[in-house]
Amino acid sequence: MKITTKRALRKWVLILAVTLISIIYIYPVYLMFMNSVKPFGEIVSDAIALPTTLAWDNYTYVIKKIKYVKLFTNNVIITCTGIVGIVAFSSIAAYIMDRRKNRFTSIAHLIVITPMLIPFQTIMITLLKAMNVIHLSGSRFGLGVQYWGFGIPMATFIFFNFMKTIPKEIDESAIIDGASTFRTFISIIFPLLKSVTVTVIVLDVMWIWNDFLLPLLMVNSSNKTKTLVLAAYTFIGQMNTKWHYAMTAMVLAVVPSIIIFIFLQKYIVDGVVAGAVKG
Amino acid sequence: MKKRILSVLLSTAMVATLLVGCGQSAAPAESSDAAASEEAAPAKEEAAPAAEEETSDEEAEIYMFISSPEYADAINELIDAYGEVAPNVTINYETTQNDYPTLLKAKLNSGEVPDIFSSTSGKEIDVYKEWSYDMTGEALESTIDPAVAAMMKSPETGDGLYGIAIKGNYFGIVYNKAIFEEVGIASFPKTMDELKTACEKISAAGYKPFTTGFAEWWVFKHCGQTFVNAAAREAGITSAELVSSIVKGEKTVADYPILMNNWFDFIDLAVKYGDDKPLETALANEEAALANGECAMTLGQGAWIEGDVMSINPDFKLGFAAYPVSDNPADAKIIAGSDQALRVNKDSAQLKATMDFINWWYTSDYGKAWFNDVAGVVPPILSDSESEFEVIKQGSALSATDGAGDLNICYSTDSFHQTFGELMQAYIAGTATREATAQAITEQWAAIEGAN
Amino acid sequence: MSQKQKRLLKEYAENFLYIIPAILLVTVMIYIPFVMSGYYSLTEWNGISKAPKFVGFSNFQTLFSSKGEFMNSLWFTTKYTFGFTLFSNVLALALAVALTKKFKLANFFRGIFFIPYIMSMTIVGFIWQFIFTQGFSKLADITGWGFWNFSFLGDPKLAFYSVVFVGIWQQLGFYIVLYIAGLQAVPADVLEAATVDGATGWQRFSKVTLPLLGPSFTTCIFMSLTNALKVFDIILALTKGGPGGSTYSVTLQIYKDAFTNNRYGMGSAESIVYFLFVLIVTQAVLKLFSTKEVDL
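Residues numbered from 1 in each chain as written. Chains lettered and ligands numbered in written order. Predicted model: local features only at pLDDT ≥ 70, side-chain atom pairs only at ≥ 80, totals over all residues.

Chemist: I tried to follow the overall build of chain A on my own but got confused; where do I start?
Modeler: Counting secondary structure elements, chain A contains 13 helices and zero strands. Secondary structure elements in chain A, listed N-terminal to C-terminal, are α-α-α-α-α-α-α-α-α-α-α-α-α. Against the compact-globule benchmark of 19 Å for 279 residues, chain A has a radius of gyration of 24 Å, which places it well outside the compact range. In terms of overall dimensions, chain A has a C-alpha envelope of 75 × 75 × 35 Å along the principal axes. (Helix = DSSP H or I, 4+ residues; strand = E, 2+ residues; numbered from the N terminus. Rg over C-alpha atoms; globule rule 2.2 N^0.38 Å.)

Chemist: Please explain the interface of chain C and chain A as it appears in this structure.
Modeler: Many analyses report the size of an interface as the accessible area lost when the parts associate. Contacts between chain C and chain A engage 69 residues on the former and 69 residues on the latter. The set of elements that each furnish at least two residues to the side of chain C that touches chain A consists of helix H1 (3-40), helix H3 (69-100), helix H4 (106-118), helix H5 (121-143), helix H6 (156-184), helix H9 (214-229), helix H11 (250-260) and helix H12 (264-292) of chain C. Among the elements that line the side of chain C that touches chain A, the one with the most residues is H1(C), at 19 residues. Of the residues that constitute the side of chain C that touches chain A, the class distribution is 48 nonpolar, 15 polar and six charged. (Contact = placed C-beta atoms within 7 Å. Nonpolar A, V, L, I, M, F, W, Y, C, P; charged D, E, K, R; others polar.)

Chemist: What exactly am I supposed to notice about unusual backbone geometry here?
Modeler: Both trends apply: most residues other than glycine have a negative phi, and most peptide bonds are in trans. All names here are of chain C. Even without a glycine there, the phi angle at Lys240 is positive, about 55°. Along the polypeptide, Lys240 turns up in the loop between helix H10 (233-238) and H11. If you check the backbone angles, Asn262 has positive phi at about 55° while not being a glycine. Structurally, Asn262 is set in the loop between H11 and H12.

Chemist: Looking at this structure, how should I read the pairing of strand E2 (residues 89-95) of chain B?
Modeler: Walk down a regular strand and you will see the side chains alternate between the two sheet faces. Residue and element names in this part refer to chain B. With seven bridges connecting them, strand E1 (residues 60-66) and E2 associate as parallel partners. Paired with Ile66 across the two strands is Thr95, which belongs to E2. For the handedness criterion, the β-α-β arrangement of E1, helix H3 (residues 72-85) and E2 is classed as right-handed. (Pairing = 2+ DSSP bridges. Right-handed = clockwise from strand over helix to strand, strands pointing away.)

Chemist: For this particular structure, what's the right way to read the nonpolar core?
Modeler: Most often, soluble globular proteins keep nonpolar side chains buried together rather than apart. Ranked by internal contacts, the top residues of the largest apolar core, which has 303 residues, are Ala93(A), Ala232(A), Ala249(A), Met250(A), Ile123(C), Ile176(C) and Val177(C). No other element matches helix H13 (residues 243-278) of chain A, which puts 16 residues into this core. Residues in contact with Ala232(A), not counting those within four places in the same chain, are Ala249(A), Met250(A), Ala253(A) and Ile123(C). (Core = buried A, V, L, I, M, F, W, Y, C linked by C-beta atoms within 7 Å. Buried ≥ 20, exposed ≤ 12 C-beta atoms within 10 Å, placed from the backbone.)

Chemist: In this structure, what is going on with helix H15 (residues 365-375) of chain B? I would like to understand it.
Modeler: Each full turn of the α-helix corresponds to 3.6 residues, which orients residues three or four apart in the same direction. Residues and elements named next belong to chain B. Taken together, the buried positions of H15 are occupied by Gly367, Trp370 and Phe371. Down the axis of H15, the sector holding all buried residues measures 95°, keeping them to one side. The elements touched by buried residues of H15 are H3 and helix H14 (351-363). Just past H15, the residue Gly376 takes up positive phi, approximately 65°. (Arc of directions from axis to C-beta.)

Chemist: When you look at the sheet that holds strand E10 (residues 340-344) of chain B in this model, what are you seeing that I'm missing?
Modeler: Residues and elements named next belong to chain B. Strand order across the open sheet formed by four strands is E2-E1-E3-E10, with mixed pairing between neighbours. Among the strands making up the open sheet, the edge pair consists of E2 and E10. Across the sheet, the mean angle separating the axes of adjacent strands is 25° when strand polarity is ignored. Here five bridges tie strand E3 (residues 116-120) to E10, and the two strands are oriented antiparallel to one another. (Axes fitted to C-alpha atoms, helices over the stretch in contact; angles between N-to-C directions.)

Chemist: Even after reading the chapter, I still don't get the packing of helix H4 (residues 68-99) of chain A against H1(C), so can you show me in this structure?
Modeler: When two helices pack together, their arrangement is given by the angle between their axes and by how far apart the axes lie. Two numbers describe how H4(A) lies on H1(C): the axes approach to 9 Å, and their chain directions differ by 130°. On the basis of their axis angle, the class for H4(A) and H1(C) is oblique. Both H4(A) and H1(C) take part in a crossing whose hand is left-handed. Contact with H4(A), carried on its side by Phe89(A), Ser90(A), Ile92(A), Ala93(A), Ile96(A) and Met97(A), involves Asn15(C), Tyr18(C), Ile19(C), Pro21(C), Ala22(C) and Leu25(C) of H1(C) and no other residues of that element. Split by residue class, the contact of H4(A) with H1(C) holds 10 nonpolar, two polar and no charged. (Parallel < 35°, antiparallel > 145°, perpendicular 65-115°, else oblique. Left-handed = near helix turned anticlockwise from the far one by under 90°.)

Chemist: Looking at this structure, I do not really get the environment of Ser120(C). What am I missing?
Modeler: Relative to the elements of secondary structure, Ser120(C) occurs in the loop between H4 and H5. The buried category is assigned to Ser120(C), around which 27 C-beta atoms lie within 10 Å. Separated by 50 residues in sequence, Ser120(C) and Gln170(C) have C-alpha atoms that sit 9.0 Å apart. Ignoring sequence-local partners within four residues, the contact set of Ser120(C) consists of Asn210(A), Phe212(A), Val229(A) and Ala253(A).

Structure, rendered in structure tokens:
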């Protein structure tokens, strides 16, 4: 009896502690949402009080001003382009690297995954020059293609580690049946990579969708190509005294991610885990 | 040549990548883009000679990429008005404040040079001179304010007109007249001693004398320049000579008593009688504290805060005065001038169309009235129209009676000013002594400006 | 040519065909710019003039000899990396342990902790800047606690902790999820056996669970380490390197030198040095941890 009460007590202390910490997590997000519907004067005079009037026109103003729909489309295009290329190129490369181990493939493996250690800032200066030469800067598609290069190392690393868990007999039997390598990969191996593909997609979508520096250098010049985060950033810079619009812009930038997260929480969390821990 | 080789190398690599990549689901889109990017290169080169023959009646597209987003609405109106004058000219206007230098450099290096771009005036005129068109002899020369034009000369050669300004500016202290009246101070202090007395009185009445905005690096350059002028006056040289004496390593900050003593005393005073968290107070906090009547004076601000302050508190009684910097009331002079410059790309394919636009802006009736009526700025042109803004009204009155000081921030680049701001922040934070800070300022001034 | 040779040749061709896109893309996007950085590090160039000037290794000399900003930023990054890696892993593990105790809202809390991770770091920086500058003073008025009146972004010492705090706040959820997965993979029978042997709760955790968490540890440490070394967006939005230049990370320093200070060549030199630094640190830490890992 005594032990169980002690246990129950400990459990409650634990829940209390977790709840307190979670307040540090909820409160800032709550403040952002709440201040986004306050008129200017109210934010300045009291940042944490509830709004007395709901200033929804903050939203109409910002949505119009930053051309939200357009930016949203840009983000979708850039992210989709990036993801398709990353998954396609790195999954098949990882497959060959794992199944056909020889001098060439192991050197290739090393070449492909080493860039994981190069901090982006070390090359951002010259990347810009290089991308201008091949006309990949200044366009959404071009930026998407650049993400292939930046996403492949990590994705290959994850795919390669996961590939070990798929028994070789599976594709060997397909080859014996006369299927080509490519055919085997597409119709037999790739479906088996589902869980780890989700990992790659989840990690890369979060990264590309929210990325800042690369889009800043590549597509910031025009509203036709800008991303949401960039727009929020420049907008906040321009409105650095107008916190009400800045808050609204921030909310508009994070709301898509939060909605997606709420609906796909299970897949996202499982996805993060599948590749990272099994790898 | 090197660029050519690299280009070929990279293009080949890309095309190969894309071709090899076929067979994947995304193939059609990829190969079409590869073709497109190959075609784009020669097409661009051919476009240049053709464009030279264009006249203003023909269609032209001007790409304008400038800082100062606070005037975006006004500039859009200007562009719309020009659309009626020259319907065939399209102006693509883009503006940003954050990271403007980064993005401009990105564009210059990518060959996508804007037809109109911006920099600060003075020293930075030379930094971008290679790209910049000399407007000497253009129609606008007759209307531009000579004080503004002086800032657009190349400091190296002492001539040229390498830019125009969107606005003139007045730099001084924006203060709350009501508080000064309430505590019984009739005229704004002109010496350091008067300022100290005023602070004591204001503080005793339960107000905070200063809100300082020391979280912003540019607040320091705006405040500091009045001290530089006074120090130069005391040394019997011009402010430009003072700056170059430090940059060349001949003198140090410590050699100028007004910089070494008065400037740091002033900062100490502002911190003592200022915000609770000086290094966390930024522009927005300053505006709110001033407008709400908590604080009597702001540092480092000017005409640009008037709109915000009045929108927070429409009954605010705004006063504008010069920084008291020494025992000599004559040193307390506001500073007038234009600290930024709009430049025109001299190699622009649309040079004529661009200059037509700029000349129209500075010489047409609409353009001339625009500064006051639409943008609400100190006109950078010769004009006698009246402004609605208190800072501008009081500023021009002050410069008429007391004269205006030299806009000496322009003798250095913002690279230095940013470092200067950081060094001053470290001083305020107490991580560096006065002597160490002065020495670091001397060193950085020479290192950064010497290199540029 | 025999059948076997033919097949082998075809296989090699295939290998090449399927791997080369990845290699080419990585080369174009990463290796070529990296080599170009190497060239610019040997020049003096402001990023504006049309012709860079070749100066040999003088950028590197200045970089190491001056009491300079680069060394300060390297020191800041080291401190940041240490603080971030240590606390995010300790806290994440503690919360993961708490969240694997079965109670109703565990999944809900896990979701709450994860939300900042899906937000852009730039936005996170801005939100916290707003809270530090606007929210805290109001909290001070309400609660009367002196704690809220500290200048968290304005005092160089506190600014460091604030930056570390916000960095951890943003990423913690990610590590929590990884540790939860690791904890759930610890076989129940091993734990039961330990209980039967009379191990206390703490002993069970430190002697059984912790060693078996090896793979999660390696992943989390590696991830948090590389993320900390690359810290950029949060600082840019939160402090811009201030106050008084006290929160410049190396990445921000490179950015500043190259783009704000018009020292493109110097920025490139700093890039190269920093790459070597990152390479050495990550390899050393990985080595350290992979030797300690316990496999099931």
